[in-house]
Amino acid sequence: MKKYLIAAVLFFTLLPVLHTVNVSAAEEPDQPLSGWVKEEKKTFYYNDGKAVKGWQKIHKKWYFFDKKTKALKRNCIAGDKAGGWYYVDDDGVRCGNKTMKLAVKAVRKYSKAKDKPVKRLYSCFRYFVKNYRYRSGGYKVSAKELPSFAKEFLLTKGGNCYRGAAALAYCAKALGFEARIGVGGKSKKEIVHGWTEVKIGKKWYYYDINRQRMNSHMKMYKLSVKKKPFGLVKNKDWDLTVSSGKVKWK
């Protein structure tokens, strides 16, 4: 009897404490998600527990989140009518470079959004071949000249081989491909011609706007870089890179 009495006293003594612990736990709900969140292979950004969508400025940089899935868009053309269309790099950062914006505009105008990137690149290539005029001049080529070359080609709808090669490289990059331009000739010392090289999958391919214009009966696109036509020898190339939204040729 004495044991039961002691147990009863202990139970009623601890009851308020137990009750307090349960109430405290109930009054501390989980904190809402906030900031960057990775789920499987996709990245999201949460604000007060809700995943954001559309264009968002985060730490002074612009990002685009798909309006349906709300996942971050990377290495592609992203945007909407209200906020505009831009290339976003591998980290999802918007590229505001003027020449890249011209390339994005060209890709959207000369190709169909529903098509795969390889087909969209070919559509741009064919449009340039058929509708952009060849103009001689400005044969001194260097990495620092390439942005102005591409800009001139896209704005004036024409130019020489170096300008067309640079412009197509920007378009290829906008579509998510690694891209560069090569220059050379028929010997290891000549630099008399320029063309675009695009990495599709694990292989690099040759695209040549100017040679295609001059040789309409031949295929001058998506050729192995190891089998360039007319005995061309590459003596130099420059890679087009975009990091933190900034374009560089190196």
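Note that this is a predicted model, so its numbers are computed, not measured.

Moving on, we get to the packing of helix α3 (residues 117–131) against helix α5 (residues 161–174). Axis separation between α3 and α5 bottoms out at 10 Å; the angle between their running directions is 160°. By the angle between their directions, the pair α3 and α5 is classed as roughly antiparallel. Crossing geometry of α3 relative to α5 is assigned as right-handed. Taking contact as the criterion, the partners of Leu 121, Phe 125 and Phe 128 in α3 are, on α5, Leu 168, Cys 171 and Ala 172. Considered class by class, the residues forming the contact of α3 with α5 number 6 nonpolar, no polar and no charged.

Quick look at the pairing of strand β9 (residues 178–185) now. When you tally the buried positions in β9, you get 7 out of 8 residues, the bulk of the element. In this structure, β9 lies alongside strand β10 (residues 193–200), joined through 7 bridges in antiparallel fashion. Bridge pairing in β10 places Arg 180 opposite Glu 197.

The geometry of helix α4 (residues 146–156) relative to α5 is characterised by a closest axis approach of 7 Å and an angle of 90° between their N-to-C directions. It follows that α4 is roughly perpendicular to α5 by the angle criterion. Every residue of α5 that contacts α4 at Leu 146, Pro 147, Phe 149, Ala 150, Glu 152, Phe 153 and Leu 154 is listed here: Tyr 162, Arg 163, Gly 164, Ala 166, Ala 167 and Tyr 170. Classifying every residue of the contact of α4 with α5 by side-chain character gives 10 nonpolar, 1 polar and 2 charged.

Once that is clear, we can look at the nonpolar core. Among the nonpolar cores identified, the biggest contains 47 residues, and Met 100 and Phe 128 are the most heavily contacted of them. Ranked by residues supplied to this core, first place goes to α5 with 11 residues. For Phe 128, the residues in contact, after removing those within four places along its chain, are Ala 106, Tyr 110, Phe 153, Leu 154, Leu 168, Cys 171, Ile 209 and Arg 213.

What follows is about unusual backbone geometry. One non-glycine residue, Lys 70, adopts positive backbone phi at about 65°. Along the chain, Lys 70 falls in the loop between β5 (61–65) and β6 (76–80). The phi dihedral of Lys 222 is positive, around 50°, even though this residue is not glycine. Judged by its relative accessible area of 34%, Lys 222 is partly exposed.

Here the focus is the sheet that holds strand β13 (residues 233–243). If you walk across this open sheet you meet the 6 strands as β12-β11-β10-β9-β13-β14, and the pairing is antiparallel. The open sheet has two free edges, formed respectively by β12 (223–224) and β14 (246–249), since each of these has just one partner strand. The pairing of strand β11 (residues 203–207) with β12 spans 2 bridges and is classified as antiparallel. Residue Tyr 205 lies in a different strand from β12, and its bridge partner there is Ser 224.

What follows is about the confidence of the model for the protein. Averaged over the protein, the pLDDT score is 90; the fraction of residues at 70 or greater is 88%. Throughout residues 1–28 the model reports pLDDT below 50, and contacts reaching past four residues in sequence, or to other chains, amount to 0 contacts.

The next subject is the side chain of Asp 208. If you trace the backbone, Asp 208 turns up in the loop between β11 and α6 (209–214). Despite its burial, Asp 208 pairs with no opposite charge; the closest candidate is Arg 211, at 4.8 Å N-O. Apart from the residues within four sequence positions on either side, Asp 208 is in contact with Phe 125, His 193, Gly 194, Trp 195 and Met 220.

Turning our eyes to something else, we now look at the side chain of Ser 111. Along the chain, Ser 111 falls in the loop between α2 (98–110) and α3. A polar side-chain atom of Ser 111 sits 2.5 Å from the main-chain carbonyl oxygen of Val 107. Residue contacts for Ser 111: discarding those within four places in its chain leaves Arg 120, Ser 123 and Cys 124.

The rules behind these values
- Note on numbering: residues in each chain are counted from 1, in written sequence order.
- Given that this is a predicted model, residues contribute local features only at a pLDDT of at least 70 and side-chain atom pairs are listed and counted only at 80 or more, while totals for whole chains, interfaces and linings are drawn from all residues.
- Water and hydrogen atoms were dropped before computing side-chain values, which therefore reflect all heavy atoms in the structure.
- Inter-axis angles, ranging from 0 to 180 degrees, are taken between N-to-C directions of lines fitted to C-alpha atoms, where helices are fitted over the stretch in contact.
- Labels follow the DSSP assignment, with helices taken as runs of H or I lasting at least four residues and strands as runs of E lasting at least two, numbered in each case from the N terminus.
- Note on angle classes: values under 35 degrees are labelled roughly parallel, values over 145 roughly antiparallel, values of 65 to 115 roughly perpendicular, and the remainder oblique.
- Working rule for handedness: look at the near helix, and if it is turned counterclockwise from the far one by less than a right angle, call the crossing left-handed; if clockwise, right-handed.
- We call two residues in contact whenever any of their non-hydrogen atoms come within 4.5 Å of each other.
- Polarity classes work like this: nonpolar for Ala, Val, Leu, Ile, Met, Phe, Trp, Tyr, Cys and Pro, charged for Asp, Glu, Lys and Arg, and polar for all others, with Gly in that last group.
- The buried label applies to any residue whose accessible area, calculated with a 1.4 Å probe on protein chains only, is under 20% of its type's maximum; exposed applies above 50%, and partly exposed to all values in between.
- At least two bridges found by DSSP between two strands is the condition for calling them paired.
- By convention a nonpolar core is built from buried Ala, Val, Leu, Ile, Met, Phe, Trp, Tyr and Cys residues, the set being connected through side-chain atoms within 4.5 Å.
- For every residue, the predictor reports its confidence as pLDDT, a number between 0 and 100.
- By the counting scheme adopted, Arg and Lys are positive, Glu and Asp are negative, and His together with the chain ends is not counted.
- Any carboxyl oxygen of Asp or Glu that lies within 4 Å of a side-chain nitrogen of Lys or Arg is treated as forming a salt bridge with it.
- Distance and chemistry together define a polar contact, namely a pair of N or O atoms within 3.5 Å, with one atom able to donate a hydrogen and the other to accept it when in protein, and with adjacent residues in sequence counting only for side-chain atoms on both sides.

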